[in-house]
Amino acid sequence: MKLNSVVDENTIIFETNCTILSIIPKAIIHNKELKWHKAEEDYLTLKEIKEQLNGLFIRVISDSGLNGYIYEFGNYPNEKCWRLYGITKGYA
């Protein structure tokens, strides 16, 4: 996957490995503010995160010790899709 490419909004994000930020207004969204699917590891899709945050400009950092991805929604005014903003080599 290349930087700035469109990301499938059904991509699963695990609660324990993520940080969610609102870009405008600038704030950290506490994971407890969202309703997560309960499973062995609680999760949401990027689409569900967007819906729960009412389409705010959002950045999701999903990483582990070995790799990670940074996704953004709403960075481009006329687009309503998720894009790959960054790739990490471990914890961001």
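For the structure itself, look to the data block above.
My aim in this report is to walk through the structure given alongside it, one point at a time.

## A look at the packing of aromatic side chains
Considering all chains together, one arrives at 2 aromatic pairs under this definition. Between Y69 and Y71 the ring centres are 6.3 Å apart and the planes differ by 25 degrees, which places this aromatic pair in the stacked class. When the centroid spacing of 5.5 Å and the interplanar angle of 45 degrees are considered together, the rings of F73 and W82 count as tilted. Among the residues examined, F73 registers a relative accessible area of 3% and is labelled buried. Positioned over the ring face of Y85 is R59, at 4.3 Å from the centre of the ring.

## Structural notes on the sheet that holds strand β6 (residues 57-63)
Strand order in the open sheet formed by 6 strands is β1-β8-β7-β6-β3-β4, and the pairing between neighbours is antiparallel. The open sheet has two edge strands, β1 (6-7) and β4 (27-29), and neither has a second partner. Pairing of β6 with strand β7 (residues 68-73), which is carried by 6 bridges, proceeds in the antiparallel orientation. Counted as the bridge partner of D63 is G68 from β7.

## Section: the state of the cysteines
Per the stated rule, a full pass over the model turns up 0 disulfides. The cysteine C18 is free of any disulfide, with C81 supplying the nearest cysteine sulfur at 20 Å. On the accessibility criterion, C18 (9% relative accessible area) is buried.

## With respect to the pattern of salt bridges
Under the criterion given, the structure shown has 5 salt bridges. The salt bridge involving R59 is made with E72; its shortest N-O contact spans 2.3 Å. Here E72 lies in strand β7 and R59 lies in strand β6, a separation of 13 residues in the sequence. The class for E72 is buried, based on a relative accessible area of 3%. Among the salt bridges present, the one from E79 reaches R83, with a minimum N-O distance of 2.8 Å. With a relative accessible area of 27%, E79 lands in the partly exposed category. Judged by relative accessible area, which is 16%, R83 ranks as buried.

What counts and how
- Residue numbers here run from 1 along each chain, matching the order of that chain's written sequence.
- Where totals are concerned, whole chains, interfaces and linings use all residues; where local detail is concerned, this predicted model gives features only for residues with pLDDT of at least 70, and gives and counts side-chain atom pairs only at 80 or more.
- Heavy atoms from the whole structure form the basis of all side-chain values; hydrogens and water molecules are not counted.
- Here is the rule: rings of Phe, Tyr and Trp (six-membered ring for Trp) pair when centre to centre is within 6.5 Å. Planes less than 30 degrees apart are stacked, more than 60 are edge-to-face, and the remainder are tilted.
- Note on exposure labels: buried denotes an accessible area under 20% of the residue type's maximum, exposed denotes more than 50%, and partly exposed covers the range between, all computed with a 1.4 Å probe on protein chains only.
- Only when the NZ of Lys or the CZ of Arg is both within 6 Å of the ring centre and within 35 degrees of the ring normal is a charge said to sit over the ring.
- Here, strands pair whenever DSSP counts at least two bridges between them.
- Only runs of H or I of at least four residues qualify as helices and only runs of E of at least two qualify as strands under DSSP, and these elements are numbered from the N terminus.
- Here, two cysteine sulfur atoms that lie within 2.5 Å of each other are counted as a disulfide.
- Whenever Lys or Arg places a side-chain nitrogen within 4 Å of a carboxyl oxygen from Asp or Glu, that contact is recorded as a salt bridge.

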